[in-house]
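In case you want the letters, here they are:
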Amino acid sequence: MEKKFVTANKVNGDINSHKQESLSKIDGHVLSSEGVELLRSEKRLIQPELPKEKIILVADVDDFNFFIIESLLAPYNYRLIHAKDGEEAVRIFRTHKVSLVLMDIQMPVMDGITATKLIRKNDKKVPVIAQTSCILQECKEMAIESGCNDFFIKPLNSDLIIHKIEKYLLNN
């Protein structure tokens, strides 16, 4: 089976995929731990610090998922803030002007359902998109009932993430 290795180009900032044996899979691409570190370091070198119009709070216990979302959204000039649990997400939400929340449902300290309910007590308008590996209809229903506007199932799908984020940010 052919696998792909993701790299970043220092000169022009392109993110490309190449054949390579590797460990982690995202959106059909397989990344080795070395590839993730290369992409992370190269990406930081090529991106100037530009003013960010919209803040997206990404509540996800998994650093790799945050890194993938960060990489996907890099061309869009959003400012991303990472919370590793629901309690931290609520704290960050209260202290920043967040435009959109990507909320993992299963997190330590405080789960995404509880965090969303607390966020909704402060703000009923900000879009909250649930993200989870739970495929049961009950998980989606719980997320929507807690105040999430939308929902997607992991593993992360880059087209779906970008579509949902643009859908809500362009309407706000």
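One can find the structure itself at the top, above this paragraph.
Residues numbered from 1 in each chain as written. Predicted model: local features only at pLDDT ≥ 70, side-chain atom pairs only at ≥ 80, totals over all residues. Heavy atoms only, no water.

(A) Broad picture of a nonpolar patch on the surface. Where nonpolar side chains cluster on the molecular surface, the patch consists of Ile135, Leu136 and Ile153 and spans about 300 Å² of accessible area. Mapped onto the secondary structure, Leu136 falls in the loop between strand S8 (128-132) and helix H5 (137-146). (Patch = residues over 30% accessible without salt bridge, like charges linked within 9 Å, V, L, I, M, F, W, Y side chains within 5 Å. Areas by Shrake-Rupley, 256 points an atom, 1.4 Å probe, with all protein chains shown as cover. Salt bridge = Lys/Arg side-chain N within 4 Å of Asp/Glu carboxyl O. Helix = DSSP H or I, 4+ residues; strand = E, 2+ residues; numbered from the N terminus.)

(B) Region of interest: the packing of helix H4 (residues 112-122) against H5. Axis separation between H4 and H5 bottoms out at 8 Å; the angle between their running directions is 20 degrees. In terms of orientation, H4 lies roughly parallel with respect to H5. In the crossing of H4 with H5, the sense of the turn from one axis to the other is right-handed. Of H5, the residues touching H4 (which contributes Ile113, Thr116, Lys117 and Arg120) are Met142, Ala143 and Ser146. (Axes fitted to C-alpha atoms, helices over the stretch in contact; angles between N-to-C directions. Parallel < 35°, antiparallel > 145°, perpendicular 65-115°, else oblique. Left-handed = near helix turned anticlockwise from the far one by under 90°. Contact = heavy atoms within 4.5 Å.)

(C) Region of interest: the nonpolar core. In this structure, Leu57, Phe93, Val98, Val101, Met103 and Ala143 are the most contacted members of the largest nonpolar core, which totals 24 residues. At the level of elements, strand S5 (55-59), strand S6 (79-83), helix H3 (86-95), strand S7 (100-104), H4 and S8 are the ones that each hand at least two residues to this core. If one sorts the elements of this core by residue count, H3 sits on top with four residues. Look past the residues within four positions of Met103 in its chain and what remains in contact with it is Ala59, Ala89, Gly112, Ala115, Thr116, Ile119, Val128, Ile129, Ala130 and Gln131. If you look at the next biggest cluster of nonpolar residues, it comprises 20 residues, including Ile69, Leu80, Leu100 and Ile129. (Core = buried A, V, L, I, M, F, W, Y, C linked by side-chain atoms within 4.5 Å. Buried < 20%, exposed > 50% of the residue type's maximum accessible area, 1.4 Å probe, protein only.)

(D) How the structure looks around the sheet that holds S8. Pairing is parallel across the open sheet formed by five strands, whose spatial order is S6-S5-S7-S8-S9. A strand with exactly one partner marks an edge of an open sheet, and here the two such strands are S6 and strand S9 (150-153). This sheet shows a mean twist of 20 degrees between the axes of neighbouring strands, independent of strand direction. Note: S5 against S6, five bridges, orientation parallel. The residue of S6 that forms the bridge with Ile56 is Leu80. Contacts from helix H2 (residues 63-73) reach S5, S6, S7 and S8, with the element oriented near 175 degrees to S6. Running at roughly 170 degrees to S9, helix H6 (residues 158-170) makes contact with S5, S7, S8 and S9 of the sheet. (Pairing = 2+ DSSP bridges.)

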